[in-house]
Amino acid sequence: MLVEPVVPEADVPAEETTGTGTGRGTPTPQPGGPEVTVGIRLLDAPVDRRDDTRAHKYVVDHLKPGTTIKRRVLVENDSELHRKVSLYAAAARVGDSGFEFAPDRTENELSSWITVEPAEEALAPGEEIEALVTIEVPRKAEAGERYAVIWAEVPGTDDKNVQNIGRAGIRVYLSVGPGGEPPSGFEVGPLTGGREKDGTPFVSAEVRNTGKRALDLAGELWLSDGPGGLAAGPVKAEAKTLPLDGSTTIRVLLDRRLPDGPWAAKLALASGWTKRTATGTVTFGGVSAAAAASSEDRSDEVLTGGLVTSVLVLVLVLVLALFAVYAHRRRTRIRQPAPAA
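None of these values were measured; they are calculated from a predicted model.

What counts, and where the lines are drawn
Residues numbered from 1 in each chain as written. Predicted model: local features only at pLDDT ≥ 70, side-chain atom pairs only at ≥ 80, totals over all residues. Heavy atoms only, no water. Core = buried A, V, L, I, M, F, W, Y, C linked by side-chain atoms within 4.5 Å. Buried < 20%, exposed > 50% of the residue type's maximum accessible area, 1.4 Å probe, protein only. Helix = DSSP H or I, 4+ residues; strand = E, 2+ residues; numbered from the N terminus. Contact = heavy atoms within 4.5 Å. Pairing = 2+ DSSP bridges. Axes fitted to C-alpha atoms, helices over the stretch in contact; angles between N-to-C directions. Salt bridge = Lys/Arg side-chain N within 4 Å of Asp/Glu carboxyl O. Phe/Tyr/Trp six-rings, centres within 6.5 Å; stacked < 30°, edge-to-face > 60°. Lys NZ or Arg CZ within 6 Å of the ring centre and 35° of its normal. Patch = residues over 30% accessible without salt bridge, like charges linked within 9 Å, V, L, I, M, F, W, Y side chains within 5 Å. Areas by Shrake-Rupley, 256 points an atom, 1.4 Å probe, with all protein chains shown as cover. Lys, Arg positive; Asp, Glu negative; His and termini not counted. Charge placed at Lys NZ, Arg CZ, Asp CG, Glu CD.

K.L.:
Hey, could you go over the nonpolar core for me, with residue numbers and the actual values?
P.N.:
Core analysis: the biggest nonpolar cluster contains 31 residues, and Val75, Ile114, Ile135, Val172 and Leu174 have the highest contact counts within it. The set of elements that each furnish at least two residues to this core consists of strand S3 (38-42), strand S5 (59-63), strand S6 (68-77), strand S7 (83-95), strand S9 (114-117), strand S11 (128-136), strand S12 (144-155) and strand S13 (165-176). Sort the elements by how many residues they give to this core and S13 lands first, with 5 residues. Leave out the neighbours within four places in its chain, and Ile114 touches Ala89, Val133, Thr134, Ile135, Ala148 and Val172. Membership of the second largest hydrophobic core comes to 22 residues, among which are Val207, Val252, Leu258 and Leu267.

K.L.:
How would you explain the sheet that holds S6 if you had to name every residue and give the values?
P.N.:
Across the sheet, 4 strands lie side by side as S3-S6-S11-S9; this open sheet has antiparallel pairing. The strands lining the two open edges of the sheet, one partner per strand, are S3 and S9. Shown here is a sheet whose adjacent strand axes are inclined to one another by a mean of 25°, direction ignored. Looking at chain direction, S6 and S11 are connected through 9 bridges and run antiparallel. Within S11, the residue paired with Val73 across the bridge is Ala131.

K.L.:
Could you give an account of the pattern of salt bridges, naming the residues involved and the relevant values?
P.N.:
Applying the stated rule across the entire model yields 17 salt bridges. A salt bridge links Arg49 to Asp52; its shortest N-O distance comes to 2.9 Å. You'll find Arg49 and Asp52 in the same group, each marked buried. Two residues, Arg195 and Asp260, come together in a salt bridge whose shortest N-O distance is 2.8 Å.

K.L.:
Talk me through the environment of Leu63; I want residue IDs and the actual numbers.
P.N.:
Structurally, Leu63 can be placed in strand S5. Counting along the chain gives 115 residues from Leu63 to Pro178, while the straight-line C-alpha distance between them is 7.8 Å.

K.L.:
Give a detailed account of the packing of aromatic side chains, specifying residues and quantitative values.
P.N.:
Inspection of every chain in the model, using the stated rule, returns 7 aromatic pairs. Taking 5.3 Å as the distance between ring centres and 55° as the angle between the ring planes, the aromatic pair formed by Phe99 and Tyr173 counts as tilted. Residue Phe99 is found in strand S8 (residues 98-101), and its partner Tyr173 is found in strand S13; the two are separated by 74 residues along the sequence. Considered together, Phe99 and Tyr173 belong to a single accessibility category, that of buried residues. Here the aromatic residues Tyr58, Phe99, Phe101, Tyr147, Trp151 and Tyr173 are joined through ring pairs into a cluster of three or more. The ring centre of Tyr173 lies 4.4 Å from the NZ or CZ of Arg54, which sits over that ring.

K.L.:
Summarise a negative patch on the surface; cite the residues concerned and give the values.
P.N.:
On the surface, Glu120, Glu121, Glu127 and Glu128 cluster together to form a negatively charged patch. The exposure class assigned to Glu127 is partly exposed, which follows from its relative accessible area of 34%.

K.L.:
Would you mind going over unusual backbone geometry in detail, with residue names and values included?
P.N.:
Most peptide bonds take the trans form, and the phi angle of most residues other than glycine is negative. The linkage connecting Gly233 with the following residue, Pro234, adopts the cis geometry, with an omega of 5°. Take Pro234: it is sitting in strand S18 (residues 232-236). Residue Pro262 follows Gly261 across a cis peptide bond; omega there is 15°. Tracing the backbone shows Pro262 in the loop between strand S20 (247-253) and strand S21 (263-271). A positive phi angle, near 50°, is found at Asp104, a position not held by glycine. By the element assignment, Asp104 lies in the loop between S8 and helix H1 (109-112). Look at Asp104 and you get exposed, because its relative accessible area is 59%. Notably, Asp245 is not glycine yet its phi reads approximately 65°, a positive angle. Structurally, Asp245 is set in the loop between strand S19 (240-242) and S20.

Spelled out as structure tokens, the structure:
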């Protein structure tokens, strides 16, 4: 299988991070020590996936049983000290919560087919190396899609009981089976508009995976023909990973200053080279009852507080005025001459 160099998109990081550590560009401070981070990105992808943006970030492929492929990755020590970087594959799955990483070095069928060379390398601060990832699909492998992560990991410097681990990884989506690749596809339901409890407008749509492969959905929303000819967008939609036969709601949050509408809306979604567009007319409606009630409560508080303040000021002014009159009359009595004898 032919491969070609990958040039990652500027606005899409090639690495994937987890809660146990960080990817490049997001350093994690060590308790009482320097930052510990590591970066990894894919260097090449199949030639026949030149137009598949997912294949520029992740290992995405379809292989027949008995096939072996190789991919190069670039690994960098982003920490401030010499670090030993471990390279390995571990299990992952795609579920209702999206792409889910298994803890530590948990293995699954796909990760057992993956080897990374070198498995370990000591790197100076800022040093980078190329590593070779090999995926060997057994001849008796059953058809289906499998998931894993290729991890680069560096240990922390804390010698206490809790050790901070920095790791970053590249997802692997591997379909196995005879013949051509299973189709990818999804359906986008009608666009609807609304407002959050705090008044933030949004546009949402239900998306269903109708194909035979997991999807990484991303996209943009445009609004046009609004009140007074207003337009807005493009606004990025939240990214979602969708499992086989799965469905999800894509929501795009907008500026609170946008009027209710109506608006002409267009939502463009894509997972690699699989793309869909939905259009429709949406309105956001008024602020929710809860938000309105909260606003009224605050108004009452402000009004009550202002009234109390005004009364106190008026009483103070009256007291000062009475004191001034009393002082004036007292001075007048003192200055009057005593009557003649």
